[in-house]
Amino acid sequence: EVQLVESGGGLVQPGGSLRLSCAASGFTFSAYPMTWVRQAPGKGLERVSTINSRGGAITYADSVKGRFTISRDNDKNTVYLQMNSLKPEDTAVYYCYVDRPTPLPDYWGQGTLVTVAS
């Protein structure tokens, strides 16, 4: 059974930091790029960051560049998102997912809520 389990969300003050983790199982984690996306209240999905299967080719949304860092540990089947200098507009449910080639279904986690408020 494929599982993506996010953790590390919570309430943090503006300017604070959080580290999200996404633990994967049930598939060959090291074969796939990994992506973090987020959904703010009342808004659509926003791609936050992607990292390729070997830990390179990293991309970030303009809204998080310079503040967020994606990384992965293929030995632990885990992808991370280090979030620094958090802003209220970073408040969202954060999901990790695997974008698989069509027509294969993508893999999604259940999400972890990040709330940035004073």
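Since the model is a prediction, treat every value here as computed from it, not as a measurement.

Would you take a moment to explain unusual backbone geometry for this structure?
Both trends apply: most residues other than glycine have a negative phi, and most peptide bonds are in trans. Omega for the bond connecting Thr 102 with Pro 103 falls within 30 degrees of zero, at 10°, which places this linkage in the cis form. Along the chain, Pro 103 falls in the loop between β9 (92–98) and β10 (107–108).

Help me out: how do you make sense of the sheet that holds strand β8 (residues 78–83) in this one?
Working definition: the strands of a sheet are paired by backbone hydrogen bonds and lie parallel or antiparallel to each other. Read from one edge to the other, the open sheet built from 4 strands follows the order β1-β3-β8-β7, with strand pairing classed as antiparallel. In this open sheet, the two strands that pair with only one neighbour each are β1 (3–7) and β7 (68–73). Strand-to-strand, the axes of this sheet are offset by a mean angle of 15°, without reference to chain direction.

Would you mind going over the pattern of salt bridges with me for this structure?
Two side chains bearing opposite charge may form a pair once their charged atoms approach each other closely. One pass over the structure, following the stated rule, counts 4 salt bridges. Between Asp 90 and Arg 38 there is a salt bridge whose closest N-O contact spans 2.9 Å. Of this pair, Asp 90 sits in the loop between β8 and β9 while Arg 38 sits in strand β4 (residues 34–39); the two residues are 52 residues apart in sequence, bridging distant segments of the chain. For Asp 90, a relative accessible area of 0% corresponds to the buried category. In this structure Arg 38 comes out as buried when scored by relative accessible area, which is 6%.

Rules of the game
Residues numbered from 1 in each chain as written. Predicted model: local features only at pLDDT ≥ 70, side-chain atom pairs only at ≥ 80, totals over all residues. Heavy atoms only, no water. Helix = DSSP H or I, 4+ residues; strand = E, 2+ residues; numbered from the N terminus. Pairing = 2+ DSSP bridges. Axes fitted to C-alpha atoms, helices over the stretch in contact; angles between N-to-C directions. Salt bridge = Lys/Arg side-chain N within 4 Å of Asp/Glu carboxyl O. Buried < 20%, exposed > 50% of the residue type's maximum accessible area, 1.4 Å probe, protein only.

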